[in-house]
Amino acid sequence: WGELSPRQLHWAVVDAGLPKEKTKTFGRRLFWRDLAYFQLHSFPDMPTAPIRRHYSLLQWSGDDSRLRAWQKGNTGYPMVDAGMRELYATGYMQQNVRMICASFLVEYLDISWVEGEKWFHDCLVDADVAINAMMWQNAGKSGIDQWNFTMSPENGSQDPSGKYTRQWVPELKRLPNKY
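Residues numbered from 1 in each chain as written. Predicted model: local features only at pLDDT ≥ 70, side-chain atom pairs only at ≥ 80, totals over all residues. Heavy atoms only, no water.

(A) Spatial organisation of the packing of aromatic side chains. Tallied over the full model, the rule gives seven aromatic pairs. Between Trp-70 and Phe-120 the ring centres are 6.0 Å apart and the planes differ by 20°, which places this aromatic pair in the stacked class. Placement of Trp-70 in helix H3 (residues 64-72) and of Phe-120 in helix H6 (residues 113-123) is noted, with a sequence separation of 50 residues between them. Among the residues examined, Trp-70 registers a relative accessible area of 0% and is labelled buried. A residue is classified by how much of its surface remains accessible, and Phe-120, at 0% relative accessible area, is buried. With a centroid separation of 5.2 Å and an interplanar angle of 15°, the aromatic rings of Phe-104 and Tyr-108 are classed as stacked. One end of the pair is Phe-104 and the other is Tyr-108, both in helix H5 (residues 95-108) and four residues apart, which spans about a single turn. Exposure remark for Phe-104: the relative accessible area of 2% places this residue in the buried category. Grouping aromatic residues by their ring pairs yields a cluster made of Trp-70, Phe-120 and Trp-136. (Phe/Tyr/Trp six-rings, centres within 6.5 Å; stacked < 30°, edge-to-face > 60°. Helix = DSSP H or I, 4+ residues; strand = E, 2+ residues; numbered from the N terminus. Buried < 20%, exposed > 50% of the residue type's maximum accessible area, 1.4 Å probe, protein only.)

Written as structure tokens, this is what we have:
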């Protein structure tokens, strides 16, 4: 059927004899994938309910206008807007940009991670219930491996040249990189 198991992939990479620094990220993502499926098996309501149940008591802003601005890439934060516009236009988004957009939704806009999980699931071409739910659980601080950081949407470390942002937020094309 054209399917590959995680074990087949793991051993194919090991058998290729590539140096560890070339395979480290791939290996970690493969293990994260299996962890996500284990979590979904253990917590079948993971896409909509916090694994750490006490987080269900959190009060989120529920501001629909902020949520819509985030979904459309109209927050006023160039990196967030670039990521969200790319997601909507292509169905893809690079991992670090996903983390920035997720942190922004829950930390800056105070909107429940569940809204982010639903939006990404609807928009991603490669949407995967287990992986998407695990990522959003962690971004919302309610997952097993909650993020103990907030990715800044302002520091520019993910797009030092501004090329990515200018591609997806063309109204900023003429601004220098520092903006």
